[in-house]
Amino acid sequence: MKTKLFLIGIFCFVASVSNAQTDTNQQTFNFEKKGNGSPVVLFESGLGETLEGWKTIQDSVSKITTTVSYDRIGLGKSSPTEEPRTLENFVTELNSLLKNENIEGPFILVGHSLGGFIIRKFQNTYPEKVFGLIMVDPSHESLFERIFDSKPKEQADMMRNGLKGFYANQPIAIQNEFKELSAAEKEMKTILLPKDLPITILASYQTPPPPFSPEDIEIKKELFNDWITRAPQAKLIITTESGHYIHYSEPQLVIDAIMEMVDNVKD
């Protein structure tokens, strides 16, 4: 289980509560909207994950502003789909949900793992709607490539095949998201972090389980530090107390990062 989690990563009073399903172009989204005020904090889950993973954090943040979490099309209680799970489709579908529900933003986008790719793509597509990005142990477009290239070929092939084998046994919706991961990594190499936007990156540098090694974490550190060099306004928060799912094991760390950005945006 620990190996699986590391692999995925490489890549009070509430005034208003809405937990509903909405139809958008014959697609049914399961979503939860809680709280009031601006900016709107929108949560984007990792590969194969649903809105349930954000519950603790959303409950806290919704005390001070509007929050939205949702199941992507194909996952959870949202409708199934035959459409490829590309970044383009993720972003188009999310924008349709927001328009259909008259949720106008501005947005602080919070994305875990693959959700980091999705919020970066959304910001790149609709920059005028986004006031900040918070990435929770996000996928990095070069991490798998760099780790595999650092290994002997036999070991790298074993790791690749292990990853493919794991996802081949998952529900079809999760398989479909995984199928597009390589294409997503390639696309994200063309989308740099913006230099004029508040960005917070929460990174797990916990020692990984075999077959990974401490050297793999050093590669991750190098890549994340390169992000900060290229976007010097970005803030990097490091933990070794959590694995890939920081928002599960250290929710307050994520809550504090969101609260800080909300306060800064309001100021």
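Going along each chain's sequence as written, the residues are numbered from 1 onward. For a predicted model such as this one, the threshold for reporting local features is a pLDDT of at least 70, and the threshold for listing and counting side-chain atom pairs is 80 or more; totals across whole chains, interfaces and linings nevertheless cover every residue. Calculation of side-chain values draws on the structure's entire complement of heavy atoms; hydrogens and water are dropped beforehand.

Caption draft 1: Looking closely at the overall build of the protein. Under the scheme used here, helices are H or I runs from DSSP no shorter than 4 residues and strands are E runs no shorter than 2 residues, and both carry numbers assigned from the N terminus. A count of helices and strands for the protein gives 11 helices and 8 strands. What you see for the protein is a C-alpha radius of gyration of 18 Å, in line with the 18 Å of a compact globule of 267 residues. When the accessible area of the protein is evaluated, it comes to approximately 11900 Å², of which 49% is carbon and sulfur surface. Between the averaged position of the 27 positive side-chain charges in the protein and that of its 36 negative side-chain charges there is a distance of 1 Å. To get the radius of gyration, use the C-alpha atoms; to get the globule rule, take the number of residues to the power 0.38 and multiply by 2.2 Å. Accessible surface area values rest on a Shrake-Rupley calculation with a 1.4 Å probe, where residue burial reflects the displayed protein chains alone. A residue counts as positive if it is Lys or Arg and as negative if it is Asp or Glu; His and the chain ends are not included. By convention, charge coordinates are those of NZ in Lys, CZ in Arg, CG in Asp, or CD in Glu.

Caption draft 2: Broad picture of the environment of Gln123. Along the chain, Gln123 turns up in helix H4 (residues 114–125). Spatially, the C-alpha atoms of Gln123 and Lys164 are 30 Å apart, while their sequence positions differ by 41 residues.

Caption draft 3: View of the pattern of salt bridges. Each reported salt bridge corresponds to a side-chain nitrogen of Lys or Arg within 4 Å of a carboxyl oxygen of Asp or Glu. Under the definition given, this model contains 17 salt bridges. In this structure, the salt-bridge partner of Asp59 is Lys34, at a minimum N-O distance of 2.4 Å. With Asp59 in helix H2 (residues 55–61) and Lys34 in strand S2 (residues 27–34), this residue pair connects regions lying 25 residues apart in the sequence. Asp226 is paired through a salt bridge with Arg230; the nearest N and O atoms lie 2.8 Å apart. One end of the pair, Asp226, and the other, Arg230, are both in helix H9 (residues 214–230), 4 residues apart, so they sit about a helical turn from each other. Burial classes follow relative accessibility: with a 1.4 Å probe on protein chains only, a residue under 20% of its type's maximum area counts as buried, one over 50% as exposed, and anything between as partly exposed. Residue Asp226 is classed as partly exposed on the basis of its relative accessible area of 31%. The class for Arg230 is partly exposed, based on a relative accessible area of 48%.

Caption draft 4: Inspection of the packing of H4 against helix H8 (residues 181–188) at higher detail. Axis lines are fitted through C-alpha atoms, for helices just across the contact stretch, and the angle between N-to-C directions can take any value from 0 to 180 degrees. Remark: H4 packs on H8, axes separated minimally by 11 Å, with the N-to-C direction vectors making an angle of 45 degrees. Put simply, H4 runs oblique to H8. Read as a crossing pair, H4 and H8 show a hand that is left-handed. For the pair H4 and H8, contact is made by Leu114, Phe117, Arg120 and Lys121 and by Leu181, Ala184, Glu185, Glu187 and Met188, respectively. Side-chain classes follow a simple rule in which Ala, Val, Leu, Ile, Met, Phe, Trp, Tyr, Cys and Pro form the nonpolar group, Asp, Glu, Lys and Arg form the charged group, and the remainder, Gly included, forms the polar group. Split by residue class, the contact of H4 with H8 holds 5 nonpolar, no polar and 4 charged. In what follows, roughly perpendicular refers to angles from 65 to 115 degrees, roughly parallel to angles under 35, roughly antiparallel to angles over 145, and oblique to any angle outside these ranges. Put simply, a crossing is left-handed when the front helix is turned counterclockwise from the back one by less than a right angle, and right-handed when it is turned clockwise. Note on contacts: a residue pair qualifies if any of its non-hydrogen atoms lie within 4.5 Å across the two residues.

Caption draft 5: Highlighting the pairing of strand S8 (residues 235–239). One requirement defines pairing of two strands: DSSP has to find at least two bridges between them. Pairing between strand S7 (residues 199–204) and S8: 5 bridges, direction parallel. What sits directly across from Ser204, in S8, is Thr239. Every crossover in which the path from the first strand over the helix to the second runs clockwise, viewed with the strands pointing away from the viewer, is termed right-handed. A crossover connection joins S7 to the parallel S8 through H9; in handedness this β-α-β unit is right-handed.

Caption draft 6: Summary view of unusual backbone geometry. With omega at 5 degrees, the peptide bond leading from Ser38 into Pro39 counts as cis. Within the fold, Pro39 resides in the loop between S2 and strand S3 (40–44). Cis rather than trans, the peptide bond between Gly105 and Pro106 has omega equal to 5 degrees. Here Pro106 shows up in the loop between helix H3 (87–100) and strand S5 (107–112).

Caption draft 7: Spotlight on the nonpolar core. Of all hydrophobic cores here, the largest spans 57 residues; its most connected members are Leu42, Leu109, Phe122 and Ile201. Phe122 has contacts with Val91, Leu94, Asn95, Leu98, Leu109, Lys129 and Val130, leaving out every residue within four places of it along the chain. Residue types Ala, Val, Leu, Ile, Met, Phe, Trp, Tyr and Cys, when buried and joined through side-chain atoms within 4.5 Å, form a set referred to as a nonpolar core. Counting residues in hydrophobic clusters, the runner-up holds 18 residues, among them Val41, Trp54, Ile255 and Val262.

Caption draft 8: Highlighting the packing of aromatic side chains. We call Phe, Tyr and Trp rings a pair once their centres come within 6.5 Å, taking the six-membered ring for Trp, and we label the pair stacked below 30 degrees between planes, edge-to-face above 60, and tilted otherwise. Here the structure, examined in full by the defined rule, presents 10 aromatic pairs. Between Phe144 and Phe148, the aromatic rings sit 5.8 Å apart at their centres with planes inclined by 10 degrees, giving stacked as the arrangement. One end of the pair is Phe144 and the other is Phe148, both in helix H5 (residues 143–149) and 4 residues apart, which spans about a single turn. On the basis of relative accessible area, Phe144 is assigned to the buried category, the value being 5%. For Phe148, a relative accessible area of 9% gives the class buried. Relative to Tyr167, the ring of Phe166 lies with its centre 5.0 Å away and its plane at 85 degrees, an arrangement referred to as edge-to-face. For Phe166, a relative accessible area of 29% translates into the label partly exposed. Put simply, the rings of Phe107, Phe122 and Tyr126 pair up and form one aromatic cluster. Charge-over-ring contacts are defined here by two conditions on Lys NZ or Arg CZ: a distance within 6 Å of the ring centre and an angle within 35 degrees of the ring normal. Positioned over the ring face of Phe90 is Arg72, at 5.1 Å from the centre of the ring. Above the plane of the ring of Tyr126 lies Lys129, whose end atom (NZ or CZ) is 4.5 Å from the centre.

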